[in-house]
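Report on the structure
As a plain string of letters, each chain reads:
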Amino acid sequence: MTPRLQCLVIDCPDAQALARFYAAVLDGEVDRPDPRWSLDDDWATAHLPSGDVLCFQRVPDHRPPTWPDGAHPQQAHLDLAVTDLDAEEAEVLRHGAVLLDRGEPERGWRVYADPAGHPFCLVRE
C-alpha cells in the first residue's frame, strides 16, 4: 500500500494564531473536530476546502527561518497557486503576512513570511 499525506505539520510559537492565519488565507476551517488529533494550546489545525489539512505545533523556543540567507533554514515552504498576484498579496498582507521578495513584475511568484516567520510563496497559475 502506498502511503498518503495525512497533513503538513508546521512548528511555530502560537499554534492557534498560525492556524487562523492559514485558514483565513486559504478559506479553511480552524480546529474542525477530527479523531486523528487532540486539539489544545500546543496543536491546531486548518482544514482546507481541498481536503488537505495543515497542522500547527507549538514549539516554545521556536526560531523562525531566515530567508534568503539560510542562517535558520526554511526546511519547507508552501507554494500557493493564485490567478491574481496583486489581489492575493493584499489579502495575505491583510491577514498578517510580511512581504520578503516581490521580484520583477514579470516574475510569476512572490515570497512572504507568515506571522510565525515561515516563508511561503504566491505563485501565478
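Computed from a predicted structure; not experimentally measured.

Criteria and cut-off values
- Residues numbered from 1 in each chain as written.
- Predicted model: local features only at pLDDT ≥ 70, side-chain atom pairs only at ≥ 80, totals over all residues.
- Heavy atoms only, no water.
- Buried < 20%, exposed > 50% of the residue type's maximum accessible area, 1.4 Å probe, protein only.
- Helix = DSSP H or I, 4+ residues; strand = E, 2+ residues; numbered from the N terminus.
- Pairing = 2+ DSSP bridges.
- UniProt positions renumbered as here; feature names shortened; annotations may be inferred.
- Phe/Tyr/Trp six-rings, centres within 6.5 Å; stacked < 30°, edge-to-face > 60°.

Some details on the pairing of strand β5 (residues 78-82)
- Burial along β5 is one-sided: Leu78, Leu80 and Val82 are buried, and none of Asp79 and Ala81, which face the opposite way, are.
- With five bridges connecting them, β5 and strand β8 (residues 119-124) associate as parallel partners. Across the sheet, the residue bridging to Ala81 is Val123, located in β8.

Here we look at the UniProt feature "domain: VOC" (unreviewed entry) in the protein
- Taken from the UniProt record, the annotation "domain: VOC" (unreviewed entry) applies to residues 4-125.
- In residues 4-125, the share of helix is 18% and the share of strand is 31%. The end C-alpha atoms are 25 Å apart.

Comments concerning the packing of aromatic side chains
- A complete count under the given rule lists five aromatic pairs for this structure.
- Both rings, one in Tyr22 and one in Phe120, keep their centres 6.0 Å apart while their planes meet at 70°; by these two values the pair is edge-to-face. You can see Tyr22 sitting in helix α1 (residues 15-26) and its partner Phe120 sitting in strand β8, a full 98 residues away along the chain.
- For Tyr22, a relative accessible area of 1% translates into the label buried.
- Here Phe120 falls in the buried class, since its relative accessible area comes to 0%.

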